[in-house]
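Structural overview
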Amino acid sequence: MIDRASPFAKNPKGFVHSLPSRAGLERLLPLLILVVIVAAIMLLAGQLGIVQQRRITLGFISMISVVGLYVFMGNSGVLNFSSVAFMAIGAYVSALLTMRPQVKATFLRDLPDWLASAQFDPWIGILAGGLVAALVALIVGLPLMRLSGIGAGIATLSLLIICYIVLGNWTGVTGGQRSLMGLPTYVTVWNAGLAAIGAIILAFIYQESRSCLALRASREDEVAARAAGVRVVRERLTAFVLGAFICGIAGVFYGHFLGTLRVENFYLDPTFLYITMLVVGGMRSLTGAVSGVIVISALAEILRLLEVGLRLPGLDAAIRAPAGLGDVVLAALMLGIILFRPQGITGGREITLRGLRD
Amino acid sequence: MSNLVPVLIDAFSVGGLYALTALGIGLIFSVMRLANFAHAEFVTVPAYALFVLSAQPTVMAISAAVLVAVVLSLATERAAFRPLRGIDPATMLIASFTVSMFLQRLLVFAFDSRLKPVDPLAFLSGSVPLFGVSVNLLKLTTVITCLVLLVALTLFLKYTRFGLEMRAAAEDFTMSRLLGVRANRVIATAFVLSALLAAVVAVLFSAQTGFVQPRFGLQIVIIAFVATVIGGLGNLLGAAVGGFLVGVVATLLQTYLPPDLRPFREAFLFLIVIVVLLFRPQGLFPARGLKERI
């Protein structure tokens, strides 16, 4: 299951040390291909109109979040519904740090003085958003990582619900049920794309590490991995914290993309969407995570265009689907993919040139 | 005593609905290891049937709702869950999400997402005296209906052939097949029972809230889900107890929490859930035969 191109395994003729650079390249290939694909989408987006650019930006933000979800759920095989909660934490932390003090004074009365009067650089917001999410993950993960299977699913779902309720009712700090307005909107297709590439690189470095190999071993067989000396809880916690960091940053970008935060934006709908994207792509590989986002986002966009009315060249009448049908068809397509390919589009494999040739 | 009775009736009318929903989820889980999130739509769709038929006589509307629930559950089983039988539970759970999402969006497409008024049990709006306090008739009916259904389900599982097959399948699915239990039939029975319970929940819950919307079932199913896991997935008694327990704890938190913290009531509920899971990962009443053999 673990596809690693080591120079020893890949050389059939016995020249063990003859082609180390080629073997190293082959090992990096999935990463290179994914980065090139994302960069190509960025360049393509540069040629398109503002509406399409915003759609693609949103797609990149989903990609960051799904990669963050993959880091834990894909590598450990443990169900996780809490990734959007960490997005929410990142988004709110960054919002509180980067909003103008005048805006904070009108909406949020319970902030400590140092926070109420300060306005930090966006960079600090991004970093702090990710780090606070990671810190929260470290604290809650310490007990939670002992769970697996449906129990882990329900526990992380409970975490999401707790986060939603606390953010929605802590009115003096988060604005509660009202929207939190006035976030600086600095997110463009370029910086969101670069952040997505950063998330992919981070996830790839992690998945090539010793820690992640041990975690994957525990995914295949928890008891055997324990017997072989894998400290399952510690490895899961590492992945959980790293995943939460990436999701926190996804949340920061989401908040500063919208400019307005509502707790409803960080609840069940995006949770289901991101998990479905990961499963449709194939949750056991990074390629799967990235391709799931691209496929679902592209399908959603095509269906949206059909709803608006698509005018084909050479045809007089526009093809137009009734409003709301797109959502139905999208859900049906996602279900179809899961039914026919339960392991996802990629089947859990990474992309390689060998795979493309065959 | 006089102020305790309404609180208890409240607690058990909420807990009863959770228990019925948790049983509906637990029945399917015990025979095919599917944690069925689409149960939310098994509740929502019959509630919409009640809305569509609100001009018809009550008996007709309710029987139509039951019929709709049964047809829907059998159709989902055939189309979505049968092809995935035997696959790992996580993928099945996610498949049931997409089924749920599909049905929910279909409802939005057909009815839009605004609230629709329903009142299937309008004749129960009064109250009756009980132990010296007046008790809402609808809540009392809910409690009694839940208890009657629990007893009926127990008798069904204990004393009928179908019930025996279901208990055998829950214990060890492969072994029960070897002994002549038909897989398709026992799973279909579980889905039909689950749909019947869901339809009852739809009638009672929509009568309590007075409206229906596309996420009508989701709020109750999420809590029931938690109840199923707390009770011990795969254990029906555990599911029922878990449902009542969650409802009672929620109502008690609502009543006795200081007003400042009351908005955070459900946060406390789910915190308790996490704590229970940490100490009893298999639930309070672990099911037999669920522990993986090595």
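Residues numbered from 1 in each chain as written. Chains lettered and ligands numbered in written order. Predicted model: local features only at pLDDT ≥ 70, side-chain atom pairs only at ≥ 80, totals over all residues. Heavy atoms only, no water.

**Quick word on unusual backbone geometry**
Residue and element names in this part refer to chain B. Cut-off, in case you're wondering: To sort residues, take the accessible area from a 1.4 Å probe on protein chains only and compare it with the maximum for the residue type: under 20% means buried, over 50% means exposed, and anything in between is partly exposed. A run of H or I in DSSP counts as a helix once it spans at least four residues, and a run of E counts as a strand once it spans at least two, with each numbered from the N terminus.
Although it is not a glycine, R33 adopts a positive phi angle of roughly 55 degrees. What makes R33 partly exposed here is its relative accessible area of 24%. One non-glycine residue with positive phi stands out, namely D112, at about 55 degrees. One can find D112 in the loop between α4 (89-111) and β1 (116-117).

**Focus on the pattern of salt bridges**
Residue and element names in this part refer to chain B. Heads up, the rule is: A carboxyl oxygen of Asp or Glu within 4 Å of a side-chain nitrogen of Lys or Arg is what we treat as a salt bridge.
Tallied over the full model, the rule gives 16 salt bridges over all chains. Between R82 and E77 there is a salt bridge, with its nearest N and O atoms 3.2 Å apart. One salt bridge connects E165 with R185, and the closest N-O pair in it is separated by 2.9 Å. Of this pair, E165 sits in helix α6 (residues 161-171) while R185 sits in helix α8 (residues 183-209), and the two are 20 residues apart along the sequence. Its relative accessible area of 5% is what places E165 among the buried residues.

**Some points on a nonpolar patch on the surface**
Residue and element names in this part refer to chain B. For the record, the criterion: A patch consists of residues exposed above 30% relative accessible area that lack any salt bridge, with like charges linked at up to 9 Å and nonpolar side chains (Val, Leu, Ile, Met, Phe, Trp, Tyr) linked at up to 5 Å. Only the protein chains shown count as cover for residues, and the accessible areas themselves come from Shrake-Rupley with a 1.4 Å probe.
A grouping of L4, L8, F12, L252 and Y256 is seen on the molecular surface, where their side chains present a nonpolar patch of about 450 Å² in accessible area. Residue assignment for the nonpolar patch shows that the elements contributing at least two residues are α1 (4-32) and α10 (236-256). The element that contributes the greatest number of residues to the nonpolar patch is α1, accounting for 3 residues. With respect to the helices, strands and loops of the structure, F12 is situated in helix α1.

**Looking at the packing of helix α2 (residues 39-52) of chain B against helix α9 (residues 216-231) of chain B**
For any two helices packed against each other, one specifies the crossing angle of their axes together with the interaxial distance. Residues and elements named next belong to chain B. Basically, it comes down to this: Note on definitions: angles span 0 to 180 degrees between N-to-C directions of axes, and those axes are lines fitted to C-alpha atoms, for helices only across the stretch in contact. Should the near helix be turned anticlockwise from the far one by less than a right angle, the crossing is termed left-handed; should it be turned clockwise, right-handed. Whether two residues are in contact is decided by their heavy atoms, any of which lying within 4.5 Å being enough. All residues other than Ala, Val, Leu, Ile, Met, Phe, Trp, Tyr, Cys, Pro, Asp, Glu, Lys and Arg, Gly among them, are scored as polar; the first ten of these are nonpolar and the last four charged.
Two numbers describe how α2 lies on α9: the axes approach to 8 Å, and their chain directions differ by 145 degrees. The chirality of how α2 crosses α9 is right-handed. Here α2 contributes H39, A40, V43, T44 and A47 to the contact with α9, which in turn contributes F216, G217, L218 and V221. Residues belonging to the contact of α2 with α9 are distributed by class as follows: 6 nonpolar, 3 polar and no charged.

**A closer look at the pairing of strand β2 (residues 127-130) of chain B**
Residues and elements named next belong to chain B. We apply this condition: DSSP calls a pair of strands paired once it identifies at least 2 bridges connecting them.
Examined bridge by bridge, β2 and strand β3 (residues 133-136) share 4 bridges and lie antiparallel to one another. Note that in β3 the partner of S127 across the bridge is N136. The loop that links β2 with its antiparallel partner β3 comprises 2 residues; one of these, F131, has a positive phi angle of about 50 degrees.

**Examining the confidence of the model for chain A**
We count it as follows: A residue's pLDDT is the confidence the predictor assigns to it, expressed on a 0 to 100 scale.
Here chain A averages 87 in pLDDT, while 89% of its residues score no lower than 70. Here residues 1-18 of chain A is a poorly scored stretch, pLDDT under 50, and it has 21 contacts once near neighbours within four places are set aside; other chains count.

**So, the interface of chain B and chain A**
Definition in use: Buried area: the accessible area, evaluated with a 1.4 Å probe, that two parts lose upon being put together, summed over both parts. In protein, a polar contact requires one atom able to donate a hydrogen and another able to accept it; more generally it is a pair of N or O atoms within 3.5 Å, and residues adjacent in sequence count only if both atoms are side-chain atoms.
Contact with chain B, which involves 40 residues of that partner, is made by 41 residues of chain A. Interface of chain B and chain A: buried area, both sides summed, is about 3500 Å²; carbon and sulfur atoms make up 85% of it. Taken together, the connections running from chain B to chain A amount to 1 salt bridge. With a shortest N-O distance of 2.6 Å, R215(B) and D269(A) are connected by a salt bridge. Taken together, the links from chain B to chain A amount to 4 residue pairs in polar contact (both at pLDDT 80 or more). Sorting the residues of the side of chain B that touches chain A by element identifies α3 (58-81), α4, α9 and α11 (265-279) of chain B as the ones contributing at least two each. Top element by residues in the side of chain B that touches chain A is α4(B). It accounts for 13 residues. Here the side of chain B that touches chain A is built from residues that sort into 35 nonpolar, 2 polar and 3 charged.

**A few points about helix α5 (residues 137-159) of chain B**
Residue and element names in this part refer to chain B. Let me state the cut-off plainly: Expected helix span is computed as 1.5 Å times (number of residues minus one).
In a regular helix each residue adds 1.5 Å, so 23 residues correspond to 33 Å; α5 covers 32 Å between its end C-alpha atoms and thus fits that length. Along α5, the residues classified as buried are L138, L140, T142, V143, C146, L150, L153 and L157. Of the surrounding elements, those touching the buried residues of α5 are α1, β2, β3, α6, α8 and α10. Two or three places before L138, at the start of α5, stands the capping residue N136, its side-chain oxygen 2.7 Å from that residue's backbone nitrogen.

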